[in-house]
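Okay, here's what each chain looks like letter by letter:
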Amino acid sequence: MTLDAGATVRVKDDWPEARGPVHIRTPHYIRGRTGTIVRHLGDFPNPEDLAFARPAAASPLYHVAFPMTGVWNGQGAPDELLIELYGHWLDPV
Amino acid sequence: MGGVPKFMCEPVDLEPHALTDFDRQVDAIRGLLGAKEVMSVDELRRGIESIPEDQYGALSYYRRWIRSIADNLLRKGVISEAELRAALEEA
Amino acid sequence: MNILETDGERLLLAIRGLLAQKGIVSPAEIAERIAITDNASPGQGARMVAKAWTDPEYKASMLADGAKAAEALNIPMRGMPPLGVLENTPEVHNLVVCTLCSCYPRAVLGYPPFWYKSAAYRSKAVRDPRGLLAEWKTTIAPDVKIRVVDSTADYRWMVLPMRPAGTEGWTPEQLAAIVREGDMVGVTVPAAG
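Summary of the structure given here. Just so it is clear, the structure is predicted and the values come from calculations on it, not from any experiment. (Residues numbered from 1 in each chain as written. Chains lettered and ligands numbered in written order. Predicted model: local features only at pLDDT ≥ 70, side-chain atom pairs only at ≥ 80, totals over all residues. Heavy atoms only, no water.)

Let's talk about the packing of helix H5 (residues 61-75) of chain B against helix H1 (residues 8-21) of chain C
Next up, step 1: Running from N to C, H5(B) and H1(C) cross one another at 45°; their axes reach a closest spacing of 9 Å. For the element pair H5(B) / H1(C), the angle class is oblique. Crossing handedness for the pair H5(B) and H1(C): left-handed. Only C:Gly8, C:Glu9, C:Leu11, C:Leu12, C:Ile15 and C:Leu19 of H1(C) make contact with H5(B), whose side of the interface consists of B:Arg63, B:Ile66, B:Arg67, B:Ala70 and B:Leu73.
Next up, step 2: Of the residues assigned to the contact of H5(B) with H1(C), the class counts are 7 nonpolar, 1 polar and 3 charged. (Axes fitted to C-alpha atoms, helices over the stretch in contact; angles between N-to-C directions. Helix = DSSP H or I, 4+ residues; strand = E, 2+ residues; numbered from the N terminus. Parallel < 35°, antiparallel > 145°, perpendicular 65-115°, else oblique. Left-handed = near helix turned anticlockwise from the far one by under 90°. Contact = heavy atoms within 4.5 Å. Nonpolar A, V, L, I, M, F, W, Y, C, P; charged D, E, K, R; others polar.)

Pasting the structure below:
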């Protein structure tokens, strides 16, 4: 499934770091936050597997926009964050 | 590092810091190991993130890299610990 | 002692020796790689920016595919990650950071500067971009949206700044000369001089 531009998504509020050695490209500050898909950037091998030299399946990569106010307790208007996130970290809202 | 309070009050060091010969060599070796598919940039990052916090801060940027490169080459069996010890004796 | 705690200079010597001995990486390859990397500099990105300012067709292609646009100016992109270009407009100012490590569009800007790799830059950019820009004495109007681009994954990002007033009729060479490294990361904006 590919998410379309304009779709609202929520970043998983998941912390695999607590369960053992991992390498995660989803920044801490964005987990659990709600944003908007800007663009599908292509499909890339999952870095969580590449980091351990395991076979890595391709995961869709998206540019996702988040208003600063939704990330930092209402602070930061009118600015926004634009972040590359893999599809397996995003849930459609 | 995004929004980490500990670093929010620290001014950014805007001075240019020239790279040393050491820095360039480590950078080049990392690039070559990536191009030759001996180790990926994600493995480099994993190795950097696994440096204990009390040691991480004391290491320069490229000292973290060479440590991660060594970690990955050992982990993958590209070199053995005995070989590395012997080479360090001569270094 | 954990062998990984060995001083970095000695680790480098030992690893370089072992990689040469095993035929994985030769000293000649290292020297060649350094020469290639040293050759990439902000001057490359500045040439792209200047061309985009003077050639609308090139600008469109640059925004669609940065790597292809770089290659069109003979900037080597083989083996490099995809390059995205973020256009500054009167409504939006882009600022690039890599909070997780130090991803940087090296093919077109060269080695990342020291400040880009610092903990202070990486933590402030995503939370207080206007405070961060003040350290460069850069002010973005309050009604202009700052878009902070956290370079977390497979792309590398460069900023296409706005062409400053007072540069009408300038040649691409003159224009390229006023575009600095920081302008293409978004911490500064170019001026006619």
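A look at the pairing of strand S4 (residues 80-86) of chain A
Residue and element names in this part refer to chain A.
Next up, step 1: Across the 7 residues of S4, 7 count as buried, placing the element largely inside the fold.
Next up, step 2: Residues Glu80, Leu82, Glu84 and Tyr86 point to one face of S4 and Leu81, Ile83 and Leu85 to the other, with burial holding for every one of them.
Next up, step 3: Both strand S3 (residues 58-67) and S4 contribute to a ladder of 7 bridges, which runs antiparallel. Bridge pairing links leucine 61 to tyrosine 86 in S4. (Buried < 20%, exposed > 50% of the residue type's maximum accessible area, 1.4 Å probe, protein only. Pairing = 2+ DSSP bridges.)

Quick word on the interface of chain A and chain C
Next up, step 1: Every contact between the two is made by 20 residues of chain A and, on the other side, 23 residues of chain C.
Next up, step 2: Buried area between chain A and chain C, summed over both chains or domains, comes out near 2,000 Å², and the portion from carbon and sulfur atoms is 53%.
Next up, step 3: Of all residues in chain A, the largest losses of buried area upon contact with chain C belong to A:Arg25, A:Glu80 and A:Glu84, amounting jointly to 30% of the total for that side.
Next up, step 4: Joining chain A to chain C, the criterion identifies 3 salt bridges. (Buried area = accessible area lost by both parts, 1.4 Å probe. Salt bridge = Lys/Arg side-chain N within 4 Å of Asp/Glu carboxyl O.)

A word on the pattern of salt bridges
Between side chains of opposite charge, a pair can form when the charged atoms approach closely.
Next up, step 1: Per the counting criterion, the structure on display carries 23 salt bridges over all chains.
Next up, step 2: The partner of C:Lys22 in a salt bridge is B:Glu83, and the shortest N-O contact between them spans 2.9 Å. On the criterion of chain membership, the pair formed by C:Lys22 in the loop between H1 and helix H2 (27-39) and B:Glu83 in helix H6 (residues 81-90) is interchain, its members lying in two chains.
Next up, step 3: Overall, the relative accessible area of 28% leaves B:Glu83 in the partly exposed class.

With respect to the packing of helix H3 (residues 42-54) of chain C against helix H4 (residues 56-64) of chain C
Residue and element names in this part refer to chain C.
Next up, step 1: In the contact formed by H3 and H4, the axes pass within 5 Å of each other and the chain directions differ by 125°. Taken as axis vectors, H3 and H4 run oblique relative to one another. As for the relative orientation of H3 and H4, their crossing is left-handed in sense. Where H3 approaches H4, its residues Met48, Val49, Lys51, Ala52 and Thr54 are matched on the opposing element by Pro56, Tyr58, Lys59 and Met62.
Next up, step 2: In the contact of H3 with H4, the residues fall into 6 nonpolar, 1 polar and 2 charged.

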